[in-house]
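Tertiary structure, described
Chain by chain, the residues:
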Amino acid sequence: MNCTKCKTKAVIDLPRHNAAFCKICFNGYIHDQVAKAVKSDRMFGKDDRILVAVSGGKDSLALWDILLKMGYKADALYVNLGIGSYSEESHRKVVTFAETVAAVHGAKLHVHTVQEEAGAGIKELAQIIHRPACSTCGTIKRYQFNRVALEGEYDVMATGHNLDDEAARLLGNVLHWQDEYLDKQSPNLPASVEGFARKVKPLYRLAERELAAYSVLNRIDYIVEECPMAKGARTILYKEVLNRLETESPGTKQTFYWKFLERQKQAAPAAASMAEKDQAMLHPCSVCRQPTTAEICSYCKMMARAKTHAS
Ligand code: SF4
Ligand code: ZN
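Residues numbered from 1 in each chain as written. Chains lettered and ligands numbered in written order. Predicted model: local features only at pLDDT ≥ 70, side-chain atom pairs only at ≥ 80, totals over all residues. Heavy atoms only, no water.

1. Overview of the packing of aromatic side chains
This structure, assessed with the given rule, holds seven aromatic pairs. For the ring pair Trp-64 and Phe-97, a centre distance of 5.4 Å and an interplane angle of 40° mean the geometry is tilted. With a gap of 33 residues between them, Trp-64 in helix H2 (residues 58–69) and Phe-97 in helix H3 (residues 84–100) connect regions that are remote in the sequence. Overall, the relative accessible area of 0% leaves Trp-64 in the buried class. Note on Tyr-143 and Tyr-299: the rings are 3.7 Å apart at their centroids and 5° apart in plane angle, and the pair reads as stacked. Of the two residues, Tyr-143 sits in helix H6 (residues 133–151) while Tyr-299 sits in helix H13 (residues 298–310), which places them 156 residues apart along the sequence. Residue Tyr-143 shares its accessibility class with Tyr-299, and that shared class is buried. One aromatic cluster in this structure is built from Phe-21, Phe-26 and Tyr-29. Directly above the aromatic system of Tyr-72 lies the positively charged group of Lys-46, at a separation of 4.8 Å from the ring centroid. In this structure, Arg-49 packs its charged tip against the face of Tyr-154, placed 4.2 Å from the ring centre. (Phe/Tyr/Trp six-rings, centres within 6.5 Å; stacked < 30°, edge-to-face > 60°. Helix = DSSP H or I, 4+ residues; strand = E, 2+ residues; numbered from the N terminus. Buried < 20%, exposed > 50% of the residue type's maximum accessible area, 1.4 Å probe, protein only. Lys NZ or Arg CZ within 6 Å of the ring centre and 35° of its normal.)

This is how it looks when you write it as structure tokens:
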């Protein structure tokens, strides 16, 4: 198998593009796909300050690596969830990447440790507030990324969601016809109200397998193990179903998700109507000032309960 571009020995084949690449041309392909996403969805420019949400996994570390190598100004935030050895190892991987790769580009790593603020890790905190661990985690991550993005005056927040993540999420949203989630499933979510950071997903054109290959070829040391809380999650099943379809018919995932995005762009200015809806419903939390629909936001309520429990 030879590289479609330069005809030397290929290291990866991409059936969905009917192509194969050597390491250099593959890195070029990855950067081109990110450049396309950034340009077509007007995500950010070279002068913007980007905050990357990193977990220690391949996608988010690859995203940080790609943005820095493409010359963007990208710092990162890692949230340590306090999930035993999983958090310890992912934290170590993020710090190693920050010290060895990101530091060369002058980029900075922010860290928030759940245990330090809440006095408990995610599992225990979820028990205290009687909510599932993943929804507790979602509230904390959203809140902390928004806080650091605003306090650090970042122009935009970037997450490592890839084509597989977005296609699986779309399948879940369509199966349950969750209109509100479908409206918000965009790779560029504007800051609908003051106090919310703009969010982008520059990897939405790249498959999980391609990002794993990019990380291995570029010696990015990432945590291979999934978060133990993800066991049994619906998205894993949706990914398996889509992988089956992709094997039978390469290109299924990208057609499914990209066509949805085309229709979304044509259909209506969803972002504008979403912003109107948000503006009508949201106001600053009386404790922390972040936007919320209640008087006190769910994050502040959660922390108050954790502190009462500890005392
Ligand atoms: Fe958080 Fe759940 Fe994802 Fe783990 S699986 S990182 S707890 S949302
Ligand atoms: Zn609050």
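2. A short note on the coordination of the zinc ion (ligand 2)
Each protein donor to the zinc ion (ligand 2) is listed here as Cys-285 (SG), Cys-288 (SG), Cys-297 (SG) and Cys-300 (SG); together their distances run 2.2 to 2.4 Å. Here the zinc ion (ligand 2) is ringed by four donor atoms whose angles at the metal span 104 to 114°, and the overall shape comes out tetrahedral. Ordering the donors of the zinc ion (ligand 2) by residue number gives the pattern C-x2-C-x8-C-x2-C. Assigned by exposure class, Cys-297 and Cys-300 land together as buried. (Donors = N, O, S within 2.8 Å, 3.2 Å for Na, K, Ca; no water. Tetrahedral: all angles 85-135°; square planar, octahedral: opposite > 155°, others 65-115°.)

3. Points about the site of ligand 1
By nearness alone, every residue bordering ligand 1 is listed as Leu-81, Cys-134, Cys-137, Lys-141, Cys-227, Met-229 and Ala-230. Residue composition of the shell around ligand 1, by class: six nonpolar, no polar and one charged. (Near = heavy atom within 4 Å. Nonpolar A, V, L, I, M, F, W, Y, C, P; charged D, E, K, R; others polar.)

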